[in-house]
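# Coordinate analysis (summary)
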Amino acid sequence: MSPTHTRLSGDSKVTEWLADPYGGPVIRAMLAENGHNEKVFGPAKRFSFNKLIKLSGGRFTQEMLDDLIAKVDAAAAAGGAPEPEAAAPAPTTAPVEQPEWEERITDGRFTGKTVIVTGAGSGIGRATASRIAREGGRVIALDISEDRLKEFAAEHDGLDITVVRADVTADEDLAKVLDAAGEKIDALANVAGIMDNMTPVHEVTDEIWNRVFAVNVTGPMKLSRAVLPRMLAAGRGSIVNVASEAGLRGSAAGAAYTSSKHAIVGLTKNSAFMYAETGVRVNAVAPGAVMTNIEARFDSELGQDRVSTAMAVTPTPASADQLAASITFLLSDDGVNLNGVILPSDGGWSAA
Ligand SMILES: NC(=O)c1ccc[n+]([C@@H]2O[C@H](COP(=O)([O-])OP(=O)(O)OC[C@H]3O[C@@H](n4cnc5c(N)ncnc54)[C@H](O)[C@@H]3O)[C@@H](O)[C@H]2O)c1
């Protein structure tokens, strides 16, 4: 007898697909073809596939979903899937469909402010730059990718955005950013960053270590060093660094990324302390998992096993707009009494 099959669609959650006698094998085969297993979904397994398409930044597409559905339908029609595994124990609390969060713009919150945002071409930086511009700010949007910046500017036609293609690790590029910003710089969001390849210290290469530190630590330090004289002269300014859950604990990434994010936490606290009497505030946001284009490769079996195990308790990933809400709060005058704060924006991961 062929196993019972409930029709799967884009509205079905990843967990439902994995538990389905036809959907499970089809997904696991697709993952295996790409050298992954189901752990790759992490907490995103609680999303429907339609939500994954929306949030994955092109990594999971409608065509891929259509292909999966066609394969499941073909397997169900042939009745050839393996028998379903024993049913999982019923959860102690029934899952409740949560209402979608809606971004609410605070009109004019950044009017008259010039804000530099790094990594503005994608993910959290793009959402942050967008929100500031839509709240009246003048945005200097910096990214290493010219194409992403062009797309960002085209999407925000009519708003006060200057794009600058710049690598945060290149001194000559940082000079271009300062020129574009001019004398008055009210805020800086150091968002650009890269992941490592999840290697523990005995496997990390010099290349990965040096690049991750250059982008995640030295770049933000140099840009802060460059804008601070203008902020100190004005007697006001707000800097927000983007750390990570990996800046708070040892179980979220490889040795290089974890160390770099702990370093940015140190830079934030030291700066907050040093400039406490100057009107310049320096804070950081520590995101949990966020659906963006950031690439997290697993080049180490040990790393994959250890980090995936820790991921079992992480909350559902956030959207980039949700992170922009936290970052713009600290950047804006709403963060007036906050200095040296490392704000986890992680749905409660850091409470675990
Ligand atoms: N996505 C997550 O789950 C997550 C979690 C914790 C922390 N973070 C942090 O959030 C920040 C933003 O990451 P994201 O997830 O939005 O990634 P993303 O890859 O979507 O965006 C990062 C942007 O930074 C740009 N960039 C990379 N190197 C650069 C360089 N040398 N100079 C200038 N621009 C450069 C990229 O082109 C890209 O547009 C990073 O600091 C990252 O470490 C992300």
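For the structure itself, consult the block above.
Read on for an overview of the structure. (Residues numbered from 1 in each chain as written. Predicted model: local features only at pLDDT ≥ 70, side-chain atom pairs only at ≥ 80, totals over all residues. Heavy atoms only, no water.)

### So, helix α11 (residues 320–331)
The terminal C-alpha atoms of α11, which comprises 12 residues, lie 16 Å apart, in line with the 16 Å expected from a rise of 1.5 Å per residue. Inspection of α11 places Ala320, Leu323, Ala324, Ser326, Ile327, Thr328, Leu330 and Leu331 among the buried residues, and these make up the whole buried set. (Helix = DSSP H or I, 4+ residues; strand = E, 2+ residues; numbered from the N terminus. Expected span 1.5 Å × (residues − 1). Buried < 20%, exposed > 50% of the residue type's maximum accessible area, 1.4 Å probe, protein only.)

### Focus on the nonpolar core
Formed by 25 residues in total, the largest nonpolar core has its most connected members in Val115, Val117, Ile132, Val139, Ala141, Ile327 and Leu331. Only β1 (114–118), α5 (123–134), β2 (138–143), α6 (146–155), β4 (187–190), β5 (237–242) and α11 provide two or more residues apiece to this core. (Core = buried A, V, L, I, M, F, W, Y, C linked by side-chain atoms within 4.5 Å.)

### Examining the sheet that holds strand β7 (residues 342–345)
Taken together, 7 strands build an open sheet; the order of strands is β3-β2-β1-β4-β5-β6-β7 and the sheet is parallel. The sheet terminates laterally at β3 (161–165) and β7, the two strands that pair on one side only. Neighbour-to-neighbour, the strand axes of this sheet turn through a mean angle of 15°, independent of strand direction. (Pairing = 2+ DSSP bridges. Axes fitted to C-alpha atoms, helices over the stretch in contact; angles between N-to-C directions.)

### Re the site of the ligand
Around the ligand, a shell composed of 28 residues is seen, among which Ser122, Ile124, Asp143, Tyr257 and Thr292 lie nearest. Between a nitrogen atom of the ligand and a main-chain N or O atom of Val168, the distance comes to 3.0 Å. Between an oxygen atom of the ligand and a side-chain N or O atom of Lys261, the distance comes to 3.0 Å. The fraction of the free accessible surface of the ligand (820 Å²) that becomes covered by protein chains is 93%. Listing elements by their share of the shell around the ligand, those giving two or more residues are α5, α8 (206–234) and α9 (255–274). A class-by-class count of the residues in the shell around the ligand yields 14 nonpolar, 9 polar and 5 charged. (Near = heavy atom within 4 Å. Polar contact = N/O pair within 3.5 Å; in protein donor to acceptor, adjacent residues only side chain to side chain. Areas by Shrake-Rupley, 256 points an atom, 1.4 Å probe, with all protein chains shown as cover. Nonpolar A, V, L, I, M, F, W, Y, C, P; charged D, E, K, R; others polar.)

### Notes on the packing of aromatic side chains
As enumerated under the stated definition, the model contains 2 aromatic pairs in all. When the ring of Trp17 is compared with that of Phe49, the centres are 5.1 Å apart and the planes differ by 75°; the resulting orientation is edge-to-face. Note that Trp17 is positioned in helix α1 (residues 14–19) and Phe49 in helix α3 (residues 49–55), a separation of 32 residues in sequence. By relative accessible area, which is 0% here, Trp17 ends up buried. Look at Phe49 and you get buried, because its relative accessible area is 0%. Both rings, one in Trp209 and one in Phe213, keep their centres 4.8 Å apart while their planes meet at 20°; by these two values the pair is stacked. Highlighted residues: Trp209 and Phe213, both in helix α8, separated by 4 residues, approximately one helical turn. (Phe/Tyr/Trp six-rings, centres within 6.5 Å; stacked < 30°, edge-to-face > 60°.)

### Structural notes on the pattern of salt bridges
Opposite charge on two side chains lets them pair, provided their charged atoms get close. For the coordinates displayed, the defined rule picks out 16 salt bridges. Residues Arg236 and Asp333 are paired through a salt bridge, measuring 3.4 Å at the closest nitrogen-oxygen approach. Taken as a pair, Arg236 in the loop between α8 and β5 and Asp333 in the loop between α11 and β7 lie far apart in primary sequence, 97 residues in all. Of the residues examined, Asp333 reaches a relative accessible area of 45% and is grouped as partly exposed. The partner of Arg297 in a salt bridge is Asp299, and the shortest N-O contact between them spans 2.6 Å. With relative accessibility at 41%, the residue Asp299 sits in the partly exposed group. Connected through salt bridges with shared partners, the residues Arg109, Arg131, Glu135 and Asp334 form a single ionic network. (Salt bridge = Lys/Arg side-chain N within 4 Å of Asp/Glu carboxyl O.)

### What about the environment of Glu135?
Structurally, the position occupied by Glu135 is in the loop between α5 and β2. For Glu135, a relative accessible area of 1% translates into the label buried. Linking Glu135 and Leu159, residues 24 residues apart in sequence, is a C-alpha distance of 9.7 Å. Ignoring anything within four residues of it in the chain, the contact list for Glu135 reads Arg104, Ile105, Thr106, Gly108, Arg109, Phe110 and Thr111. A polar side-chain atom of Glu135 sits 2.9 Å from the main-chain amide nitrogen of Thr106. (Contact = heavy atoms within 4.5 Å.)

### Structural notes on the side chain of Arg126
Its location among the elements puts Arg126 in helix α5. Contacts of Arg126, omitting those with residues within four sequence positions, involve Gly119, Ala120, Gly121, Arg148, Glu151, Phe152 and Glu155.

### Some points on α9
Taking 1.5 Å per residue, 20 residues should reach 28 Å; α9 reaches 28 Å between its end C-alpha atoms and fits that length. Listed in full, the buried residues belonging to α9 are Ala255, Ala256, Tyr257, Thr258, Ser260, Lys261, Ile264, Val265, Thr268, Ser271 and Ala272. At its buried positions, α9 is contacted by α8, β5, β6 (280–287) and β7.

### Remarks on unusual backbone geometry
Phi is positive for Met198, which is not a glycine, with a value near 60°. Along the chain, the position of Met198 falls in the loop between β4 and α8.

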